[in-house]
Amino acid sequence: MNVVSDDMPFIALIDDDGHSAHLLTRMLTAHGAPQVRHVGSAEGGEAFLVECLSDIDREWPGLVIVDLKAHSGANLEFVTRHQALLRQKGIPLAVMMQTTDRVGRQAMQDAGATAVFFRQAELEAYRREAAAIVSFWARNQRLDAVGM
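Residues numbered from 1 in each chain as written. Predicted model: local features only at pLDDT ≥ 70, side-chain atom pairs only at ≥ 80, totals over all residues. Heavy atoms only, no water.

Participant: Could you give an account of helix 5 (residues 123–139), naming the residues involved and the relevant values?
Facilitator: The first and last C-alpha atoms of helix 5 sit 24 Å apart over 17 residues, in line with the 24 Å expected at 1.5 Å per residue. Among the residues of helix 5, A125, Y126, E129, A130, I133, V134, F136 and W137 are the ones counted as buried. Of the surrounding elements, those touching the buried residues of helix 5 are strand 1 (10–15), helix 1 (18–30), strand 3 (63–67), strand 4 (93–97) and strand 5 (115–118). Between a side-chain oxygen at the N-terminus of helix 5 and the backbone nitrogen of E124 the separation is 3.2 Å; the capping residue is E122. (Helix = DSSP H or I, 4+ residues; strand = E, 2+ residues; numbered from the N terminus. Expected span 1.5 Å × (residues − 1). Buried < 20%, exposed > 50% of the residue type's maximum accessible area, 1.4 Å probe, protein only. Contact = heavy atoms within 4.5 Å. Polar contact = N/O pair within 3.5 Å; in protein donor to acceptor, adjacent residues only side chain to side chain.)

Written out as structure tokens, the structure reads:
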């Protein structure tokens, strides 16, 4: 039996496309990710992060993934607004975006993204990207999360 509670490790996925979020959640879980909690909008993601991170007794996400498609600058806006809070709490912020050149990826990292991953149209490439995200999450676990 799986029991889900607020003190279990999880990944927060802020994605305004429900179909995309469902597919990524399935793929992450298949590669060994913990529970994925989906939030369906930038505004909802902001509210979730503020509520979650203001409670020191609550489990915080081990990773926040942002994949907003409302407009071309949605990811960059979200990262710019929230990276300082996440960095302060020691939570890595990953962005999913269309494949871009080094300049585009660097702009996202300069804004505060810890990592940038690319949306992939081909299934095997998508699987590899999901596996890379889970690997990134595993490498960035907080030491105090072990043994809880």
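Participant: Help me get a handle on the layout of surface pockets, residues and values and all.
Facilitator: By volume, the largest pocket is sized at about 210 Å³. Taken together, 14 residues line the largest pocket, and the ones lying closest to its centre are S20, L23, L24, Q120 and Y126. When contributions to the lining of the largest pocket are tallied by element, the ones reaching two or more residues are helix 1 and helix 5. At five residues, the largest contribution of residues to the lining of the largest pocket is made by helix 1. Grouping the amino acids of the lining of the largest pocket by side-chain chemistry returns seven nonpolar, three polar and four charged. (1 Å grid on protein atoms, 1.4 Å probe; cavity = no way out; pocket = protein on both sides within 12 Å on 5 of 7 lines; lining within 4 Å. Points joined across faces, edges and corners; volume = space filled by probe spheres on them. Nonpolar A, V, L, I, M, F, W, Y, C, P; charged D, E, K, R; others polar.)

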